[in-house]
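Chain by chain, the residues:
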Amino acid sequence: YDEYDMSESVDYAVYYPNEDFKQNIYASNARYKEKLIINSQKQDYLCSYEDHCKPNECDCCVFLHCHCRSICPAKCKCYYDAKKAQNIIDCSNLMLSEVPGENPIESATDIRLNSNELKVVKSQTFFGYAQVKFLYLQDNQIDLIEKDAFEDLKNTLKVLNLARNRLESFNMNDFGSFLELEILILSQNPIRQIENQFVNQAYFPKLKALYLTRTSL
């Protein structure tokens, strides 16, 4: 993104989100651009699903816990593209107090849990979600992230949005490391303390942007 304007001499920096940033990252639409239907191609479309599995391509479709079967959580909306490169789980605006976790979708790439009533991200909440790149948790009431809550996401996650929650501090032993994380959004939390290790490249070797606007730091 051009708006980062990252300096080669700075490893980490805080940037104020512009209007385009708010409309994209904050709205979970970062990768989608308007395009005329006549100019679109097959890979530009997303298909909704409730229970998706192809028996001719998968040998465990009859089982609930199957690595190639995607069962959309109740009340949520789920989509995948033609190449199966995107598998979006949209559970936003449902007044959820807990993360749906009855049948983890191993091929999920985007998880949208924004605008709910989540208070705690429990340990192993995202167990089994080993391909997630985008996780949206903004606009909840989260005040606690338990140890290993994001354990299964540490090798794939690129964007983590925790804006507008109730987080006051971060403990790196609980938060863990993210080897692929590029964007971390913590804006509008009552954060009073962040450990020095938080900006250690060992924890976030690929971090490009850290947003801490309107916190208590």
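Use the structure listed above.
Residues numbered from 1 in each chain as written. Predicted model: local features only at pLDDT ≥ 70, side-chain atom pairs only at ≥ 80, totals over all residues. Heavy atoms only, no water.

S.K.: What is the right way to look at the pairing of strand β5 (residues 87–90) in this model?
M.R.: Regular strands show a simple pattern: their side chains alternate between the two faces of the sheet. Residues Asn87 and Ile89 point to one face of β5 and Ile88 and Asp90 to the other, with burial holding for every one of them. Where strand β4 (residues 77–81) and β5 come together, four bridges link them in antiparallel fashion. Bridge pairing in β5 links Tyr79 to Ile88. Counting the residues in the hairpin turn of β4 and β5 gives five residues, including Lys84, whose phi is positive at 60°. The pairing of β5 with strand β6 (residues 110–112) spans three bridges and is classified as parallel. The residue bridging Ile88 from the neighbouring strand is Asp110, located in β6. (Buried < 20%, exposed > 50% of the residue type's maximum accessible area, 1.4 Å probe, protein only. Helix = DSSP H or I, 4+ residues; strand = E, 2+ residues; numbered from the N terminus. Pairing = 2+ DSSP bridges.)

S.K.: Explain the environment of Leu144 to me, please; I cannot follow it from the model alone.
M.R.: Summarising the element assignment, Leu144 is placed in strand β9 (residues 144–145). Leu144 gets classed as partly exposed once you look at its relative accessible area, which sits at 40%. Taking the C-alpha atoms as reference, Leu144 lies 9.0 Å from Ser169; in sequence the two are 25 residues apart. Sequence-distant contacts of Leu144, defined by excluding residues within four places in its chain, comprise Lys119, Val120, Val121 and Leu167. (Contact = heavy atoms within 4.5 Å.)

S.K.: When you look at the state of the cysteines in this model, what are you seeing that I'm missing?
M.R.: Two cysteines form a disulfide when their sulfur atoms are joined by a covalent bond. Taken as a whole, this structure holds four disulfides when the rule is applied. Disulfide pairing is shown between Cys53 and Cys61; the S-S distance is 2.0 Å. The disulfide joining Cys53 to Cys61 has a torsion of about -80° about its S-S bond and is therefore left-handed. The disulfide bridge from Cys72 ends at Cys78, spanning 2.1 Å between sulfur atoms. On the S-S bond that ties Cys72 to Cys78, the torsion sits near 85°, and the link is right-handed. You'll find Cys72 and Cys78 in the same group, each marked buried. (Disulfide = S-S within 2.5 Å.)

S.K.: I tried to follow the layout of surface pockets on my own but got confused; where do I start?
M.R.: It is the rolling of a water-molecule-sized probe over the atoms that shows where space remains empty. Roughly 230 Å³ of internal volume is contained in the second largest pocket. Broken down by class, the residue content of the lining of the second largest pocket amounts to four nonpolar, five polar and three charged. (1 Å grid on protein atoms, 1.4 Å probe; cavity = no way out; pocket = protein on both sides within 12 Å on 5 of 7 lines; lining within 4 Å. Points joined across faces, edges and corners; volume = space filled by probe spheres on them. Nonpolar A, V, L, I, M, F, W, Y, C, P; charged D, E, K, R; others polar.)

S.K.: Hey, could you run me through unusual backbone geometry in this one?
M.R.: The general pattern is negative phi for most residues beyond glycine and trans for most peptide bonds. Phi is positive for Gln124, close to 60°, though the residue is something other than glycine. Mapping Gln124 onto the fold places it in the loop between β7 (120–121) and β8 (134–136). Using a relative accessible area of 33% as the deciding quantity, one classes Gln124 as partly exposed. Positive phi outside glycine occurs at Asp139, with the angle close to 60°.

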